[in-house]
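Chain and residue survey
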Amino acid sequence: MSADEIPALAIRSSVGVELWKTTKNEFPYVPCEKFPRDESKHCRALQFSPDGRFLAWGNGVNVQLCRTLDWTVVASLPRPKAFYLKFSPRGKYLMTWEIFTTNKENPEGSPNLYVYATESGEEVYSAVQKKQVDWEPGWSNDESIFAIMLGGEVFFFEVNGPDGFKTSTKKLGGGRNGCISVAPNHGQPYLAFYVPGVKGSPSMCKIYQYPTLNPTQAISSKSFFQADKVEMMWNKRGTGLLLLTSTDVDQSNASYYGKQALHFMSTKGDSFAVQLSKEGPIHAVAWSPKSTEFIVVYGFMPSKATLFNLKCDATFEFGESPRNCLYFNDFGNLVLLAGFGNLRGYVECWQLGKDRKCIATMEAPDSTLLEWNPNGEIFVTATTAPRLRQSNGFKVWHYSGALLHETMWPSGQELLEVQWQKFQGGFFKEKPITGEKVMGIQSAQPKASTQAYRPPAARGLPMKAFDLYSDAPQKSTIPGLPPGMMAKNEKKKRHNTKDKQQKQRPNQQNKAADGQKGQVVDGTTTDTSTQGTQNDDGGEQKRPNGNRITTGDPQKDRKIQRIQKKLYDINKLKEKKSSGELLKDTQLAKIDSEADLIKELQSLTLVA
């Protein structure tokens, strides 16, 4: 691998913007002398154009536009407050967005979204765009159609026509609080238009092909009720669309983080709900660059990762592991499955294609950023502020797991962002995946200890097995403990339990007189209308949180709670049936499932 095949790294930090490259004969990255370092403490944004011709950044005074051919600044745009930067698909235009503000002199506010021609630096369009999320206008793949959503309406501009950016040629309304996404397909562009539901009506997403924007002539449509917001993801060919819907509050109380669902739509009119085989949040979704498959990471930890085809059929399972991120390389022959954030930072590299297998594992703890190099063989991980302000730095890895470069950022400075230089499509060719181990370097960062913490008084003594679910008292192994202390504690524990049982027994007797409504599970009666459980000897065993059984395993506790709810509903249905009320087939089927539910509850509560 020569240095010419390794793109440069653009770095934004608390002291400015700089460019790092490899030297001719050595792999380590060093600052590039050809790039004039911008020493500013107010750099908010950094962006390469998709075709790699330009690099733009904001330094708190101007937005600098640099040509990557010789790394010279070709334009300075008067946007000192620019917060986001975004290039059009072929790099012909640069868009800037800043926070919208008003004052006494200008109560209406001024435009905060601008579009500039990159070759000349000329401003060609401006508008007031108050939204910070989904602020980006849409572009057709050939940059001939410009679409922007303002005030619930989408305006389309044919920029190569006589009116250019002056007058819109088409308009699509009725999308307040919605969003639009233009597909990257060739020819007349497809676009997805999402409108959130109001007053009990469902949310709706429709696919159109420009210029046919009549709602009755939509190519495909999908409605869903539980969707406060949606994220739309097109595949690279612009023929398939994934919709990740989410609600802020889960009405079933199954998740603290709301409820999520994944849907698929195509430009052929197909529409499916992606069926996931494990309960829990959807952590990550990504299309393969080949556009024929996608991966979803989902479920309570340890999460699952599944590969789906265009019919939303699961074609491969990556197993369960603590991970919440996934990253395809530009060719789609490798994918990284990783666990960052509150996870340990384990990274798995999987080979795709005919031979699907894990070819390498590595650890990149405290990583807040990961990006594949355009050559598809190496990637960078970084620890950046403001997410983490300590131990900032970046590392470059080979897909075989070898660490090729490591730079720790100087103390007192903050690393904010790292980006690979982009190149035009086809510049790099896909190379075969080999099992050869590339020689790397040893990290200078100390590894976290894998040993469990032991208090000083217990160190040097043999480890003793501990049963989390056992009620038997644990004898102390710490020398110097006064004899009989554990016995006194156990005696006090039994005394408190006996007092509680005596206080609760009258209440239990009253409930027994009202009739039994609970289910007998392994000698223990659980009643959804009571505050405790009754043992075989007639005594009551108090459960925390009313009738809720806790085992110490949150996932198992959730399953138990769901089964208890189903059994309670079955009791209600049985009462209706005994009173002569006619039940539906689905209700009768639910009653028939009672024995299986009791059996499952018994297996879950054996250790409770």
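The coordinates are above.
Right, let's walk through the structure included here. Remember, it's a predicted structure, so these values are computed and weren't measured experimentally.

Thresholds, definitions, all that
Residues numbered from 1 in each chain as written. Predicted model: local features only at pLDDT ≥ 70, side-chain atom pairs only at ≥ 80, totals over all residues. Heavy atoms only, no water. Pairing = 2+ DSSP bridges. Helix = DSSP H or I, 4+ residues; strand = E, 2+ residues; numbered from the N terminus. Salt bridge = Lys/Arg side-chain N within 4 Å of Asp/Glu carboxyl O. Buried < 20%, exposed > 50% of the residue type's maximum accessible area, 1.4 Å probe, protein only. Axes fitted to C-alpha atoms, helices over the stretch in contact; angles between N-to-C directions. Parallel < 35°, antiparallel > 145°, perpendicular 65-115°, else oblique. Left-handed = near helix turned anticlockwise from the far one by under 90°. Contact = heavy atoms within 4.5 Å. Nonpolar A, V, L, I, M, F, W, Y, C, P; charged D, E, K, R; others polar. 1 Å grid on protein atoms, 1.4 Å probe; cavity = no way out; pocket = protein on both sides within 12 Å on 5 of 7 lines; lining within 4 Å. Points joined across faces, edges and corners; volume = space filled by probe spheres on them. Phe/Tyr/Trp six-rings, centres within 6.5 Å; stacked < 30°, edge-to-face > 60°. Lys NZ or Arg CZ within 6 Å of the ring centre and 35° of its normal.

This paragraph deals with the pairing of strand 31 (residues 357-363). The two faces of the sheet receive side chains in turn, since in a regular strand these alternate between them. Of the strand pairs in this sheet, strand 30 (residues 346-351) and strand 31 are connected by six bridges, and their pairing is antiparallel. Within the sheet, the bridge partner assigned to tryptophan 350 lies in strand 31 and is cysteine 358. In this antiparallel pair of consecutive strands, strand 30 and strand 31, the connection spans five residues, and glycine 353 shows a positive phi of 100°.

Glancing now at the pattern of salt bridges. Here the structure, examined in full by the defined rule, presents 16 salt bridges. Aspartate 51 is paired through a salt bridge with arginine 53; the nearest N and O atoms lie 2.6 Å apart. Overall, the relative accessible area of 12% leaves aspartate 51 in the buried class. The partner of arginine 53 in a salt bridge is glutamate 119, and the shortest N-O contact between them spans 2.8 Å.

Here the focus is the sheet that holds strand 20 (residues 229-234). Spatially, 20-21-22-23 is the arrangement adopted by the four strands of the open sheet, whose pairing is antiparallel. The open sheet has two free edges, formed respectively by strand 20 and strand 23 (271-273), since each of these has just one partner strand. Averaged over neighbouring strand pairs, the angle between their axes works out to 20° when direction is ignored. The pairing of strand 21 (residues 240-246) with strand 22 (residues 260-266) spans seven bridges and is antiparallel. When the sheet's bridge partners are listed, glycine 240 is paired in strand 22 with serine 266.

With that out of the way, let us pick up the pairing of strand 2 (residues 16-22). Taking burial as the measure, the seven residues of strand 2 include six buried ones, the bulk of the element. Here strand 1 (residues 9-13) runs beside strand 2; their pairing, made up of five bridges, is antiparallel. Across the sheet, serine 13 pairs through a bridge with glycine 16, a residue of strand 2. A loop of two residues connects strand 1 with strand 2, the two strands running antiparallel in sequence. The pairing of strand 2 with strand 3 (residues 29-31) spans three bridges and is antiparallel. What sits directly across from tryptophan 20, in strand 3, is proline 31.

The next subject is unusual backbone geometry. The omega torsion across methionine 301 and proline 302 is 0°, close enough to zero to call that bond cis. The omega angle of the peptide bond from alanine 385 to proline 386 is 5°, so this bond is cis rather than trans. Structurally, proline 386 can be placed in the loop between strand 33 (378-383) and strand 34 (393-398). Backbone geometry at glutamate 143 places phi at a positive 65°, although glycine is not the residue there.

Following both chains from N to C, one finds helix 2 (residues 554-578) and helix 3 (residues 585-592) inclined at 120°, their axes separated by 9 Å at the closest point. In terms of their interaxial angle, helix 2 and helix 3 are classed as oblique. The two elements helix 2 and helix 3 cross, and the hand of that crossing is left-handed. Taken together, the residues of helix 3 that come into contact with helix 2 (itself represented by Asp569, Ile570, Leu573, Lys574 and Lys577) are Gln587, Leu588, Lys590 and Ile591. Partitioning the contact of helix 2 with helix 3 into residue classes produces four nonpolar, one polar and four charged.

A separate point is empty space enclosed by the protein. Counted by the stated rule, this structure contains three cavities of 30 Å³ or more. Taken as a whole, the second largest cavity holds about 60 Å³ of empty space. Along the walls of the second largest cavity sit Asn329, Phe331, Asn333, Leu334, Asn375, Gly376, Glu377, Tyr399, Glu430, Lys431, Pro432 and Ile433, which together make up its complete lining. Tallied by class, residues from the lining of the second largest cavity come to five nonpolar, four polar and three charged.

Right, let's get into the packing of aromatic side chains. Summed over the entire model, instances satisfying the criterion amount to 33 aromatic pairs. Aromatic pair phenylalanine 35 and tryptophan 71: ring centres 6.1 Å apart, planes at 80°, arrangement edge-to-face. Of this pair, phenylalanine 35 sits in the loop between strand 3 and strand 4 (45-48) while tryptophan 71 sits in the loop between strand 6 (63-67) and strand 7 (72-77), and the two are 36 residues apart along the sequence. Residue tryptophan 71 is classed as buried on the basis of its relative accessible area of 5%. Ring centres of phenylalanine 264 and phenylalanine 272 lie 6.0 Å apart, and the angle between their planes is 15°; on these two criteria the pair is classed as stacked. On the basis of relative accessible area, phenylalanine 264 is assigned to the buried category, the value being 2%. On the accessibility criterion, phenylalanine 272 (30% relative accessible area) is partly exposed. Among the aromatic residues, ring-to-ring pairing joins Tyr93, Tyr125, Trp139, Phe146, Phe157 and Phe165 into one connected group. Here the basic side chain of arginine 79 rests over the ring of tyrosine 114, its NZ or CZ set 3.8 Å away from the ring centre.

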